[in-house]
Number of protein chains: 2
Amino acid sequence: MSARKTVGILGGGQLGRMLTHPAALLGIPLLILDSGEYTPAKQTLLPPQFTSHPDGPFTSESHIRELAKQCDVLTVEIEHVNADVLEAVEKEGLCEVQPSPGTIRLIQDKYLQKKYLADRGIPVAPFQVLSANPTEEDVKSVASQLGLPVMLKARTLAYDGRGNSPLQTTESGDIAKSLKHLGDRPLYAEGWAPFVKEVAVMVVRNKQGEVRSYDAVETVHRDSILRVCLAPLRASGKGMEGVNSRARELAEKAVATLEGAGIFGVEMFLMADGSLLLNEIAPRPHNSGHHTIEACNTSQFENHLRAILSLPLGSTALRVPSAAMINILGVDGEMAPVLAMADSALPVPGATSHLYGKAESRKARKMGHITLTASSDAELRLGLRTILKAQPDLDDTFIDTHAPPPPERSHSHKQPLVGIIMGSDSDLPVMLPATKILEQFGIPYELTLTSAHRTPARMTEYAHSAVSRGLRCIIAGAGGAAHLPGMVASETALPVIGVPVKASVLDGVDSLYSILQMPRGCPTATVGINNSTNAALLAVRILGTSIPSLAVAMEKYQHDLADEVLAKCETLEEEGWEKYVQRLKK
Amino acid sequence: MSARKTVGILGGGQLGRMLTHPAALLGIPLLILDSGEYTPAKQTLLPPQFTSHPDGPFTSESHIRELAKQCDVLTVEIEHVNADVLEAVEKEGLCEVQPSPGTIRLIQDKYLQKKYLADRGIPVAPFQVLSANPTEEDVKSVASQLGLPVMLKARTLAYDGRGNSPLQTTESGDIAKSLKHLGDRPLYAEGWAPFVKEVAVMVVRNKQGEVRSYDAVETVHRDSILRVCLAPLRASGKGMEGVNSRARELAEKAVATLEGAGIFGVEMFLMADGSLLLNEIAPRPHNSGHHTIEACNTSQFENHLRAILSLPLGSTALRVPSAAMINILGVDGEMAPVLAMADSALPVPGATSHLYGKAESRKARKMGHITLTASSDAELRLGLRTILKAQPDLDDTFIDTHAPPPPERSHSHKQPLVGIIMGSDSDLPVMLPATKILEQFGIPYELTLTSAHRTPARMTEYAHSAVSRGLRCIIAGAGGAAHLPGMVASETALPVIGVPVKASVLDGVDSLYSILQMPRGCPTATVGINNSTNAALLAVRILGTSIPSLAVAMEKYQHDLADEVLAKCETLEEEGWEKYVQRLKK
C-alpha cells in the first residue's frame, strides 16, 4: 500500500494505540516515537517496510528529526511536545506537521489559548494573567477583579487537573498554599464558573478549514480525571433547548479559528441558564471522544488520520441512540483489578472493553476504557450501573447519580422514553391503563400533570425539552376543549398521541374532534375515546421502529390476543353458549 | 495481562488478522502459525512475552506441536487443517483445541457433514454419495435419483465454489468434462436447489452448548465468490413471514448438534415458498459475518475468542437498522485499484474500509472489505451504489439489482420506509398530498391499492410482509365503512396511521369513527378527515425517532410554519387588513 503517505506520531500511549487500528484498515504506515520498545501504541502495528518503531523521547530534537526523515506527515498524541523543533522540521521541508506547530504552541499555554479565543468572540470565563513569581498582593488583586472563589492555574504542562488550585479566600495562608502547590510555573487566574454540567465536543478540521463536529457529550470528572462520558448530551429545564447544537456550533467556531488539520477536543462548561463557556481545547484525539469508535460512523481516530492526510472527512453522526464511555483506572500496582473491571463489561449487551496493554498499573492511571452503546438512555444506564458497580473507586452516590436504579413502582423513570401527561388529576383513571401496558413491555415512562390552560408555561417547557431529555413519544390525555395534545404537538417534533377523555357531556365527542381535527402542518395521532390502552400500544409500535426487541414483543402480544380468543372458542364449544353466557354474567 | 490464556491460531490470513484486534482489546496473547513473516494476521499484534510469531505451514505436525506447547487454546481460521494432529495434541494434553477436532474433521468432508445434519433433522437439498473414481454410469444413476440439473461436488478441500460442477445433462461429454474438472477427489452429488436468495447466519457456541445467532443476512455471490452481504435479511411475498427468525432457529439448531466452542458460519438457501435448506457450515469466522464488526454489539471475531476462552458470550444484536459488506477483490497484480476501491467508501457516510495488508494482489483475491451501516435500507442502498460503482468487475445489471437508483418521479421506491395504501383509486386525490410531504423530507415510500373487502388476501400479505420488507410505518386511507387501517393494524406490529376519507354522505364522520374506535389491543393513529398531509407529517415524526436527521428536519419545518405566519402578520401590518383580504380573494 505504498501509495499512502507515512505518518509519524509523537507519543506512544493509548491515543497513539487507538490511531494504529484505523491506520491498519486504511493501509497507512505509522511510525511511533516514544521511549521503550513496547508502549501501548507500539504493540499493535508495524508497517512492513520498517523493522522497528523509533525508540526515544518524543521531545528529543534528534529523534524527531530522524523520524521526520522517514515520514510524510508528523502528528501528535500529546500536546506537551517541542513545538519549536516541529516548526523547524516543517520550515526546513523535512516533513509536514499537523496540526500546525503554531496551534500546538498556542494551546500549550492555557492563558494565551484563552486570550486567543476570547479575542475571537468565543465566550470563556473571566480570566487574568499573573506576573512571574506572583506575590500575595498580585493574587489578591486578581481575586478582587474576578471575585471569589477564584481558580489559580498553571499556564503550561497541566493536565488531568494537576495544574489547578482553587482559592476560596484571600487569607495569606491559603494563597501561600496555592502558590506552593502550583510551583514556579507561569500562572494565570480564572473566575469561578458554577457550571451544571461539563460538556465536550470533538471537532475534526481539514487543511481547507472544513470543520465537522461530533454530537456533544456530558463529561463526568472525579478528582479532576474524566471518569464517565455520556452521549449525546441530555439537559432539561429552561434555556436548555437545542443545547447539543449550540455546543457543536461553539466548538466548530473555536476550532475554525485555529490553523492546521486534525481532530480537536473542545471542553466546555454548561451554565444553569443554558449558556456555554469554552474551557479549553486539546489539539489531538481526546478521552471524551473514545466512544466514537463504536458509537459513530467514523471514529475520532480515523477522522484524525483522514484530516492530516487530506482524505475526505468521515461522517461524525452517531450510529446509535445512546452511548457511554467509562475509564478503567488503575487501583494499585496489580493488574488483576484492571482485568476484573474490563471483564465486568463482558456480560453487558452493547459493551466493549478496551485494554491499553500498559505494562504496569498505578493508582488512577488510565489502563483502558469501556464503551457502551444502547437503543435508549434507560437501557444505557442499566448497563452502566453494572459496569460502575465493578469500579472500586466509585461510591453509591456517584453510581446512583449517573446510573440510577429503576424507579419504585408507580414512580416516573429518570430516563423515560414515553411521557404520559394530562391536564388534571381527574383524568388519572382514564390514563392509568397506559402505564400498565408500558410496564408490561418494560418501557421506561414518566407521568405528570400539565395543563394547556392552567399551566401553559409548564406545558411549553415540557414540550420544548422533550427531545433533549431523550423522550421519543408523548401520550396526552384531555377532555372537553381538549387542547393539550395539539398544543404539545405544536411545540415539539416528537409524535404526540392524543387520548380523548369522555367529559361530563357529549360522550367524549367534543374531546375527540378537538384532538383529531388539527390544522394541516401539525398532526396528532388520535386513538379511541378513553382508550389509553391503545395509546400505549401505539407508543410501543412507534418505539418498535427504533428498538427491534419491542417490535418482536408486539408481535408476540398480538399472537397472545389471538390465542385468548381461540381459547374462548374452545370453551364455547365445550360448555355451549348458554352456560358460557351465564358464567360471563357472574 | 498474564491472567489471560494464550491462544494459537492456525492460519494467518485476514480472518486471523481480524481476530487480533479484539484480542488486543481484551489483553489476550495471540500466536499465529503460518508461512511467512508478514502475513495479514502477523502484522498487527505480538504479545510482549514472545519475540516472534511461529513461521511454518499451519498443516505441519511439528509446527502445530511446537505452537501447542506455547498456548493454552488452539483454534483455526481455516478448516483445511490437520484434524488428526489437533486431536492428538488435545489427547496428549498439550493444549485445548476449539472447536473440537472431531467437528473440524466432520465439516472438512462435505458429504459426511450433510449426512450428519440430515440425520439430525436439518433440512438439506437431496444428496447422494459417489463411489471413488465414479464412472459415467455412477453419475447417471445419481442424476436419475436426484433429477437434473444436478451438482457434482468435491467432498473435501472445496471453497469459493472451486469444488463444484453443475451438470445440466447426462450426455457422456458433459459428464466427462465435469469429472475432469473435479479431478480425482472424492465426490458426492446434490439435487438442484432453485433458491431465490442465499442466506447466512453466524452462530456462536460456548463449551456448555449455549448458542447465540446473529441476524440472518442475504449473501450475494458472483463467480462463486461472496461479493455483497446485506443485513438484516429482507424478503417479500407469501411464505416469507418471519424468515429471519426461522433462519436463525435453523442455524442454531444445526450448530447445537456440533461439538466444541467457537463461531460458525451457516450458509442456507431460501426457496420460493419461504422454506430454508441448509447448505454448509464453516467452523470459524466467516466472510458473511464481517459486517458484525461495526454493525453488531459484539463482533463475530470477539465472540469467537470469548467462546473458546469460556468468557461470557457477547450480545449478537444489530446496533444499526441496516448494514452491508462489500468485498474488495483484487483486479490484477496492481495495488492501486485495490486502494481506489477502499477509498471509494471514504466519502460515504457510515462506510468503513478494511484493507487486509496483503503483500500481493491477484485477480479475485480478497484484498479487503467495506462495511456500510445506515439508518434505513434506502440510505444503505444509496451508499452501496456509490461503492459498487467503484468495483471494476461489476456491471450495471448487478448494481441496479442490489443498489437500485432512486425511483422516477411518482413511482414507488424499492426500499420504502413508509407504505401509503388505500382501498380504491378514487381515494388518490385525498391521499396524494401525503406523497408531497414525504418527498419534501426525502423519505422513501411506496403507494399502492389494497382493499379490505375486494382484495382481503392481498391486504393480509401486504401487512404480514411489511416488517420483513423494511417498512417502518403504514398510512392507510379509507372512506365509509373504512376498515382498511384497522384491519392492517391487526396484521402487523408497525404503527398504522389512518386517514378518514370523506365519502359521499355523512361528511367523513362514518370513516372517522370506523378508523378511530378500534377495540383495546389494536391501535390505529387517526388523523383529521381527508388530512393525508398530517398523516405524512406524523409518519415523519415517527421515523424521526429512529433517524435523527428527520427529527431535525421536522423542527425546521415547524420553524418555517411559524415564519410563514409571521410574514403574513407583517403584510397585514403594512397594507392593512382591507387590502389584504381583497388580495386573498383574487
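Reading the values: rules and limits
Residues numbered from 1 in each chain as written. Chains lettered and ligands numbered in written order. Predicted model: local features only at pLDDT ≥ 70, side-chain atom pairs only at ≥ 80, totals over all residues. Heavy atoms only, no water. Least-squares fit on C-alpha atoms with pLDDT ≥ 70 in both. Contact = heavy atoms within 4.5 Å. Buried area = accessible area lost by both parts, 1.4 Å probe. Salt bridge = Lys/Arg side-chain N within 4 Å of Asp/Glu carboxyl O. Polar contact = N/O pair within 3.5 Å; in protein donor to acceptor, adjacent residues only side chain to side chain. Nonpolar A, V, L, I, M, F, W, Y, C, P; charged D, E, K, R; others polar. Helix = DSSP H or I, 4+ residues; strand = E, 2+ residues; numbered from the N terminus. Phe/Tyr/Trp six-rings, centres within 6.5 Å; stacked < 30°, edge-to-face > 60°. Buried < 20%, exposed > 50% of the residue type's maximum accessible area, 1.4 Å probe, protein only.

Asker: Can you tell me about the relation of the copies chain B and chain A, naming the residues and giving the values?
Answerer: When chain B is fitted to chain A, the best match, at an RMSD of 0.1 Å, comes from turning it 180 degrees and sliding it 0.0 Å along the axis. One copy is carried onto the other by what is essentially a two-fold rotation axis. Both copies present the same face, since 100% of the interface residues in chain B are matched by interface residues at the equivalent positions in chain A.

Asker: Tell me about the interface of chain B and chain A, and name the residues and values.
Answerer: Residue-level contacts link 82 residues of chain B with 82 residues of chain A. Taken over both partners, the interface formed by chain B and chain A buries close to 6,900 Å², and the fraction arising from carbon and sulfur atoms is 57%. Seen at the junction of chain B and chain A, the total is two salt bridges. In this structure, Asp343(A) and Arg4(B) form a salt bridge, with 2.7 Å as the shortest nitrogen-oxygen distance. Here chain B is connected to chain A by 37 residue pairs in polar contact (both at pLDDT 80 or more). The residue makeup of the side of chain B that touches chain A, split by class, is 46 nonpolar, 25 polar and eleven charged.

Asker: Before we move on, could you go through the side chain of Thr75(B) and cite the residues and values that matter?
Answerer: All names here are of chain B. Residue placement: Thr 75 occurs in strand β3 (residues 73–76). One polar contact links Thr 75 to His 304, side chain to side chain, over a distance of 2.8 Å. Leaving out residues up to four positions away in the same chain, Thr 75 has contacts with Val 7, Gly 8, Ile 9, Leu 10, Gln 98, Pro 99, His 304 and Ile 308.

Asker: Break down the packing of aromatic side chains for me, citing the residues and quoting the values.
Answerer: Counted according to the given criterion, the structure contains eight aromatic pairs over all chains. Taking 5.9 Å as the distance between ring centres and 65 degrees as the angle between the ring planes, the aromatic pair formed by Tyr111(A) and Phe127(A) counts as edge-to-face. Within this pair, whereas Tyr111(A) is found in helix α5 (residues 110–119), its partner Phe127(A) is found in strand β5 (residues 127–129), the two being separated by 16 residues in sequence. In this pair, the class of Tyr111(A) matches that of Phe127(A), namely buried. Consider the rings of Phe195(B) and Phe269(B), whose centres lie 5.0 Å apart with planes at 5 degrees: the pair is stacked. Placement of Phe195(B) in the loop between β8 (187–191) and β9 (197–205) and of Phe269(B) in strand β13 (residues 262–270) is noted, with a sequence separation of 74 residues between them.

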